[in-house]
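Results of the structural survey
So the chains spell out like this:
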Amino acid sequence: MRLFVALDIPEDLRDDLAILCNGIPGARWVRPENFHITLRFLGEIDGGQADDLHSLLTRIFAPGFELSLRGVGAFGDRSKTRSLWAGVEPNGALNHLRDKIESASVRAGLHPEPRKFRPHITLARFRGGGSAMPEIQDFITRNALFRSAPFQVERFTLYQSFLSGEGSIYRAEADYDLLRVMAEGYQLNAGLQR
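Residues numbered from 1 in each chain as written. Predicted model: local features only at pLDDT ≥ 70, side-chain atom pairs only at ≥ 80, totals over all residues. Heavy atoms only, no water.

The next subject is the overall build of the protein chain. The helix and strand inventory of the protein chain stands at 4 helices and 12 strands. Taken over C-alpha atoms, the radius of gyration comes to 17 Å for the protein chain, in line with the 16 Å a tight globule of 194 residues would show. Each of the three principal axes of the protein chain carries a C-alpha extent, and together these read 50 × 40 × 25 Å. Scored against the burial criterion, the 194 residues of the protein chain give a buried share of 45%. Taking contacts inside the protein chain between residues at least 6 apart in sequence as the whole, the part at least 24 apart equals 73%. When the accessible surface of the protein chain is summed, it comes to about 10500 Å², and 50% of that surface belongs to carbon and sulfur atoms. (Helix = DSSP H or I, 4+ residues; strand = E, 2+ residues; numbered from the N terminus. Rg over C-alpha atoms; globule rule 2.2 N^0.38 Å. Buried < 20%, exposed > 50% of the residue type's maximum accessible area, 1.4 Å probe, protein only. Contact = heavy atoms within 4.5 Å. Areas by Shrake-Rupley, 256 points an atom, 1.4 Å probe, with all protein chains shown as cover.)

Together, Glu11, Asp12, Asp15 and Asp16 make up a region of like negative charge exposed at the surface. Note that Asp12 resides in helix H1 (residues 11-20). (Patch = residues over 30% accessible without salt bridge, like charges linked within 9 Å, V, L, I, M, F, W, Y side chains within 5 Å. Salt bridge = Lys/Arg side-chain N within 4 Å of Asp/Glu carboxyl O. Lys, Arg positive; Asp, Glu negative; His and termini not counted. Charge placed at Lys NZ, Arg CZ, Asp CG, Glu CD.)

Turning to the packing of helix H2 (residues 47-57) against helix H3 (residues 92-107), a few remarks are in order. Between two packed helices, what matters for the description is the angle formed by their axes and the separation of those axes. One way to put it is that H2 packs onto H3 with a least axis distance of 9 Å and a crossing angle of 145°. Judged by the sense of rotation from one axis to the other, the crossing of H2 with H3 is right-handed. Taken together, the residues of H3 that come into contact with H2 (itself represented by Leu53, Leu56 and Leu57) are Ile101, Ala104, Ser105 and Arg107. Residues belonging to the contact of H2 with H3 are distributed by class as follows: 5 nonpolar, 1 polar and 1 charged. (Axes fitted to C-alpha atoms, helices over the stretch in contact; angles between N-to-C directions. Left-handed = near helix turned anticlockwise from the far one by under 90°. Nonpolar A, V, L, I, M, F, W, Y, C, P; charged D, E, K, R; others polar.)

Tallied over the entire structure, the rule returns 5 aromatic pairs. Taking the centre distance of 5.0 Å and the plane angle of 75° together, the rings of Phe4 and Tyr170 count as edge-to-face. Here Tyr170 lies in strand E10 (residues 167-177) and Phe4 lies in strand E1 (residues 2-7), a separation of 166 residues in the sequence. With centroids separated by 5.8 Å and ring planes inclined at 45°, the aromatic side chains of Trp29 and Phe139 adopt a geometry described as tilted. With a gap of 110 residues between them, Trp29 in strand E2 (residues 28-29) and Phe139 in helix H4 (residues 134-142) connect regions that are remote in the sequence. In this structure Trp29 comes out as partly exposed when scored by relative accessible area, which is 24%. (Phe/Tyr/Trp six-rings, centres within 6.5 Å; stacked < 30°, edge-to-face > 60°.)

Relative to the helices and strands, Ile19 is located in helix H1. Expressed as a C-alpha distance, the spacing of Ile19 and Pro32, which sit 13 residues apart in the sequence, is 9.8 Å.

Where H1 is concerned, the buried positions are Leu13, Arg14, Leu17 and Leu20. Down the axis of H1, the smallest arc covering the buried residues is 105°, so these residues share one side. The outward face of H1, more than 90 degrees from its buried face, is lined by the exposed residues Glu11, Asp12 and Ile19. Where H1 is buried, its residues meet strand E5 (69-76), strand E6 (81-88), strand E7 (120-125), H4 and strand E8 (151-153). (Arc of directions from axis to C-beta.)

In terms of nonpolar packing, the biggest core is built from 51 residues, with Leu7, Leu17, Leu97 and Phe156 touching the most fellow members. Discounting residues that sit within four places of it in the chain, Leu17 has contacts with Ile9, Phe35, Leu69, Ala86, Ile121, Leu123 and Phe146. (Core = buried A, V, L, I, M, F, W, Y, C linked by side-chain atoms within 4.5 Å.)

Bringing the pairing of E7 into the picture now. When you tally the buried positions in E7, you get 5 out of 6 residues, the bulk of the element. As paired elements, E2 and E7 share 2 bridges and run antiparallel to each other. Each bridged residue has a counterpart across the sheet, and for Arg28 the counterpart in E7 is Arg125. (Pairing = 2+ DSSP bridges.)

What follows is the structure, given as structure tokens:
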């Protein structure tokens, strides 16, 4: 199974991001239903390891939090752009949750993630490593001031990814609710779906 852990985003924010996705020839724009914030890419793992990971993820206790998006950018170098993304405002609670998921992944037997965590939503990918088209820089300049309203993060999700000729297909395998902060302290959300 090819798995990853991610945050879903609200439908109205998906719509806002979809409006940005145009104006670059050859860009493979991500379908709005596939917009997400990856917390940990797990890759191909077997069923036993997936079960172990699921068990560990159910034990993560972290508070829910608000998150906002800010700006756009690109991954790659000056000669080849691999992808375009919308950025995530720095957020300590998001980093805390990601660290807990990383710890669970390592305890389940996966190798530690060597890359620095750079939360984002992928908007487009480019075949063959992309290019340095002026339209890419125009896109970044035109959307540099993009900001979203804050949205509430109440859960994270384990997804399975299937590769197809028309792009990836994602299927939610399990949702993990975060704690709601109540006046008297932390209280579990009702109706955990595990």
